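# Per-entry structural report
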Number of protein chains: 2
Amino acid sequence: MSIDIKRVIELLNNAEDVLILTHKNPDGDTLGCGVALCRVLRAQGKRANVINGDVIPKRYDYLFEGLEPQDFEPKYIIAVDVADNKLLGDKLKAIYGDKVDLCIDHHGTNVEYAKELFLNSSDGAAALTLFRIFKEMGVNITPDIATALYTGLSTDTGCFRYSNASSESYRVGAELIDLGADNANINVLMFETKPMEYFKLLSETLNGMRTFCDGKVVVLKVTNEMFARTGATPDQCDAIAAMSRQVEGVLCGVTMKEKPNGGFKFSLRTHEPLDASKLCGAFGGGGHKRAAGCDAPALEEEKILSQLISNIEKELS
Amino acid sequence: MSIDIKRVIELLNNAEDVLILTHKNPDGDTLGCGVALCRVLRAQGKRANVINGDVIPKRYDYLFEGLEPQDFEPKYIIAVDVADNKLLGDKLKAIYGDKVDLCIDHHGTNVEYAKELFLNSSDGAAALTLFRIFKEMGVNITPDIATALYTGLSTDTGCFRYSNASSESYRVGAELIDLGADNANINVLMFETKPMEYFKLLSETLNGMRTFCDGKVVVLKVTNEMFARTGATPDQCDAIAAMSRQVEGVLCGVTMKEKPNGGFKFSLRTHEPLDASKLCGAFGGGGHKRAAGCDAPALEEEKILSQLISNIEKELS
């Protein structure tokens, strides 16, 4: 059931012994929101914990400073920035998947698995949605709460770079800095620090870069051998896929990532006029206009690439 | 002579037939300010042009749309974001170096070459300084003026990522978006588009990456052979130098760039506790705590690197 801001404030004010769930493969927005909400509830004199089904990467440690887990039996379950209970991960889904009392989210694709849902799909980050709730509640936003919310807002908008960075997100960013968010250091940690393995993988990948259609298509291929040799993890490939579209004059960046058990996942990033979703649809995949994906069975990846490039040629002619 | 905002407005309101100068190796801030000021003056019914001593890179073309040069003899010369008349470049300095009537700037290092100087050194971008002037003047900020000012603000703050991105810069960013600056597309052009040659150089450079001091020092070497082979230009090396410090655990990133006529320029980027300026000082160079440089004569670059690394080892022990 979708609820309004009055109702979500009533629910938060009445909640006791709260467990806050965040999504798997955690990012700055889900963790920032979880931590901010946990700190607000504790400041109200309540017991609250925030958990995640995965191991939380060390670079988010600063969010959790002084936030030791409390020992209690949860009476109220809240999910933040979790569009689908599948995204809790298998372990947390098995325990809490059908017990989420309240979900606070900004994904238009939310599947409404929670008993009550507060959703604002025009927000670039759930942190923006949560900030608005806190303001309406009259919460005292301390520097560590501001830090957590700024982290969510900045990471989900690519540090205010993407098209989802509205003027409101800039204004809230300003307010959070004034409330004590250390924006410069947060952004160094979130955007300017990458593991050595990433750079090794990047080097190998760029080494094998291929271009087609007079430089309008760039193809990067990442194999399991490359992951093994560099020690990089498959998620580090996401930043590489985003990079494929950054080459000047490129209308379609294709990243072919070998899957652990063989076969390839194609990730397409496009500029106008190419529709990534349509291009991937021809091979049983899908996604958005500017970013989409499809699968290629083992040993067929080069054949599928050829077909894809021939389809792109047709689109461009 | 340093002047206040009342005086700068008086000067701008009285100026006629204005030539606006921007700095060599132009960036988004100097060009954005030049274009914004030119559009404001023309909207006041005056003649005005904005020029640069170098060829302006094509990616800034959108700033100049509809801003055809006008034919007139300049009566009033304004420099924007130019800290020193040397930075006009040889050609413009020879003609206008001692004739600049007004300089509007944000560099604390401004050498006060202009007859009158309006400086706000706490601003992260000259575009912020200029925006404040326009507001006080009651200028009608049209979408193309907002676009020019947003370009300056965003590029000089690393898209609101660096420590010079104050909360005021976020608030002004919000206002410019509301006034019609197309932030998403501007940031794609300024931050998410790089020439193919850059990626080729990056690939070659990362290929030869060396680490020292248990991964606390990363060394990247870029030779003239690599520039020739990839077609990349030496200025594209700056982004690579910045990248050297982004490797997790690295306290000092060293980029060795071969100079066109031989010998190497070392660029150091450091994290606490290493002082780049002190490290480079030992070899006759200098700069800031976090970014500094020094020169190495031809054929001595590896010897100097060894000494530098041994100095870093001492600092870290």
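For clarity, every value in this text was computed on a predicted model and none was experimentally measured.

## A look at the overall build of chain A
Helices and strands together make up the secondary structure of chain A, namely 12 helices and 11 strands. Over its C-alpha atoms chain A spans a radius of gyration of 21 Å, differing by no more than 12% from the 20 Å that the globule rule assigns to 317 residues. Taking all 317 residues of chain A together, the buried fraction comes to 54%. Counting contacts in chain A only where the partners sit at least 6 residues apart, residues at least 24 apart contribute 64% of the total. Only carbon and sulfur atoms are counted for the fraction: they give 49% of the accessible area of chain A, which is about 13,700 Å². Of the side chains in chain A, 35 bear a positive and 45 a negative charge, and the two mean positions are spaced by 3 Å.

## A look at the interface of chain B and chain A
If you look at the interface, chain B gives 40 residues, while chain A gives 40 residues. Roughly 3,600 Å² of surface becomes buried between chain B and chain A when both sides are summed, with 60% attributable to carbon and sulfur atoms. In this structure, the connection of chain B to chain A is made through four salt bridges. Where chain B packs against chain A, one counts 16 residue pairs in polar contact (both at pLDDT 80 or more). When residues of the side of chain B that touches chain A are traced back to their parent elements, those giving at least two are α6 (167-178), α7 (183-191) and α8 (196-207) of chain B. Tallying contributions element by element places α6(B) first for the side of chain B that touches chain A, with eight residues. Of the residues assigned to the side of chain B that touches chain A, the class counts are 20 nonpolar, 11 polar and nine charged.

## Regarding the relation of the copies chain B and chain A
Each copy of the sequence occupies a distinct position, and chain B is placed on chain A by a rotation of 180° and an axial shift of 0.1 Å, giving an RMSD of 0.3 Å. Within this description, the copies of the chain are treated as partners about a two-fold rotation axis. Residue by residue, 98% of the interface of chain B is reproduced at the interface of chain A, so both copies engage with the same surface.

## Focus: empty space enclosed by the protein
All names here are of chain A. For the structure shown, the criterion picks out one cavity of 30 Å³ or more. Quantified by volume, the largest cavity comes out at close to 30 Å³. Lining the largest cavity are Leu 274, Asp 275, Lys 278, Leu 279 and Glu 315. Within the lining of the largest cavity, the residues separate by chemical class into two nonpolar, no polar and three charged.

## Some thoughts on unusual backbone geometry
Cis geometry marks the peptide bond from A:Glu272 to A:Pro273, where omega comes out at 0°. Relative to the helices and strands, A:Pro273 resides in the loop between β9 (264-270) and α11 (276-281). A positive phi angle, near 65°, is found at B:Phe160, a position not held by glycine. Looking at where B:Phe160 falls in the secondary structure, it is placed in the loop between α5 (143-156) and α6.

## Notes on helix α5 (residues 143-156) of chain A
End to end, α5(A) covers 20 Å across 14 residues, agreeing with the expected 20 Å (1.5 Å per residue, within 8%). The element α5(A) is extensively covered by neighbouring structure, given that 12 of its 14 residues are classed as buried. Buried within α5(A) are the following residues: A:Ile145, A:Ala146, A:Thr147, A:Ala148, A:Leu149, A:Tyr150, A:Thr151, A:Gly152, A:Leu153, A:Ser154, A:Thr155 and A:Asp156. Along its buried surface, α5(A) packs onto α2 (28-43), α4 (126-137), α6 (167-178) and α7 (183-191) of chain A together with α6 of chain B. Looking one or two places after α5(A), you find A:Gly158, whose phi comes out positive at around 60°.

## Observations regarding the packing of α4(A) against α5(A)
Residue and element names in this part refer to chain A. Close contact between α4 and α5 brings their axes to 8 Å; oriented N to C, the two are set at 145°. The residues of α5 that touch α4, namely those facing Ala 127, Leu 128, Leu 130, Phe 131 and Phe 134, are Ile 145, Leu 149, Gly 152 and Leu 153. Here the contact of α4 with α5 is built from residues that sort into eight nonpolar, one polar and no charged.

## Observations concerning the packing of aromatic side chains
Scanning all chains against the criterion turns up 11 aromatic pairs over all chains. Geometrically, the ring pair formed by A:Tyr170 and B:Tyr170 is tilted, given 6.3 Å between the ring centres and 55° between the ring planes. Of this pair, A:Tyr170 sits in helix α6 while B:Tyr170 sits in helix α6, which puts the two residues in different chains. Like B:Tyr170, A:Tyr170 is buried. Aromatic side chains B:Tyr150 and B:Phe160 sit 6.0 Å apart centroid to centroid with 40° between the ring planes, which places their arrangement in the tilted category. Taken together, the residues B:Tyr150 in helix α5 and B:Phe160 in the loop between α5 and α6 connect sequence positions 10 residues apart. Taking the relative accessible area as the measure of exposure, B:Tyr150 reaches 0% and is therefore buried. Site record: aromatic cluster; members linked through ring pairs are A:Tyr150, A:Phe160, A:Tyr170, B:Tyr150, B:Phe160 and B:Tyr170.

## Overview of the layout of surface pockets
Any empty space left between atoms is shown by rolling a water-sized probe over those atoms. Roughly 190 Å³ of volume is contained in the second largest pocket. Forming the boundary of the second largest pocket are 13 residues, of which A:Val188, A:Leu189, A:Thr193, B:Gly249 and B:His271 lie nearest the centre.

## Considerations on the pattern of salt bridges
All chains considered together, the criterion is met by 42 salt bridges over all chains. For B:Asp17, the salt bridge goes to B:Lys75, with nearest N and O atoms at 3.0 Å. You can see B:Asp17 sitting in the loop between α1 (5-14) and β1 (18-21) and its partner B:Lys75 sitting in the loop between β2 (48-51) and β3 (76-80), a full 58 residues away along the chain. Classification of B:Asp17 by relative accessible area gives buried; the value is 5%. The class for B:Lys75 is exposed, based on a relative accessible area of 61%. Across the pair B:Asp61 and B:Lys58 runs a salt bridge whose closest N-O atoms are separated by 3.2 Å. If you follow the salt bridges from partner to partner, you end up with A:Arg210, A:Lys221, A:Glu301 and A:Glu302 in one network.

## Points about the sheet that holds strand β11 (residues 291-296) of chain A
All names here are of chain A. Spatially, the six strands line up as an open sheet ordered β6-β7-β8-β9-β11-β10, and their pairing is mixed. Each of the sheet's edge strands pairs with one partner strand only, and the pair in question is β6 (210-212) and β10 (286-287). Examined bridge by bridge, strand β7 (residues 217-222) and strand β8 (residues 252-258) share six bridges and lie parallel to one another. Bridge pairing in β8 links Leu 220 to Thr 255.

## Some points on the domain arrangement of chain A
Where the parts come together, the accessible area they lose is often given as the size of the interface. Domains assigned within chain A are domain 1 (5-191) and domain 2 (196-316). For domain 1 of chain A and domain 2 of chain A, the distance between their C-alpha centroids amounts to 32 Å.

## Side note on the nonpolar core
By size, the foremost hydrophobic cluster in this structure holds 113 residues, and its most contacted members are A:Phe134 and B:Phe134. Those residues within four positions of B:Phe134 in sequence are excluded, and the remaining contacts are B:Ala36, B:Leu37, B:Val40, B:Val139, B:Ile141, B:Ile145 and B:Leu149. Counting residues in each nonpolar core, the second largest holds 36 residues, with B:Met196, B:Met209, B:Cys237 and B:Val247 among its members.

## Details of the sheet that holds strand β10 (residues 286-287) of chain B
All names here are of chain B. The six strands are arranged β6-β7-β8-β9-β11-β10 in an open sheet whose pairing can be described as mixed. Two strands close off the open sheet at either side, each with one partner strand: β6 (210-212) and β10. The sheet contacts of helix α10 (residues 237-244) involve β7 (217-222), β8 (252-258) and β9 (264-270), and relative to β8 the element is tilted by about 155°.

Cut-offs applied
Residues numbered from 1 in each chain as written. Chains lettered and ligands numbered in written order. Predicted model: local features only at pLDDT ≥ 70, side-chain atom pairs only at ≥ 80, totals over all residues. Heavy atoms only, no water. Helix = DSSP H or I, 4+ residues; strand = E, 2+ residues; numbered from the N terminus. Rg over C-alpha atoms; globule rule 2.2 N^0.38 Å. Buried < 20%, exposed > 50% of the residue type's maximum accessible area, 1.4 Å probe, protein only. Contact = heavy atoms within 4.5 Å. Areas by Shrake-Rupley, 256 points an atom, 1.4 Å probe, with all protein chains shown as cover. Lys, Arg positive; Asp, Glu negative; His and termini not counted. Charge placed at Lys NZ, Arg CZ, Asp CG, Glu CD. Buried area = accessible area lost by both parts, 1.4 Å probe. Salt bridge = Lys/Arg side-chain N within 4 Å of Asp/Glu carboxyl O. Polar contact = N/O pair within 3.5 Å; in protein donor to acceptor, adjacent residues only side chain to side chain. Nonpolar A, V, L, I, M, F, W, Y, C, P; charged D, E, K, R; others polar. Least-squares fit on C-alpha atoms with pLDDT ≥ 70 in both. 1 Å grid on protein atoms, 1.4 Å probe; cavity = no way out; pocket = protein on both sides within 12 Å on 5 of 7 lines; lining within 4 Å. Points joined across faces, edges and corners; volume = space filled by probe spheres on them. Expected span 1.5 Å × (residues − 1). Axes fitted to C-alpha atoms, helices over the stretch in contact; angles between N-to-C directions. Phe/Tyr/Trp six-rings, centres within 6.5 Å; stacked < 30°, edge-to-face > 60°. Pairing = 2+ DSSP bridges. Domains from an automatic or database assignment. Core = buried A, V, L, I, M, F, W, Y, C linked by side-chain atoms within 4.5 Å.

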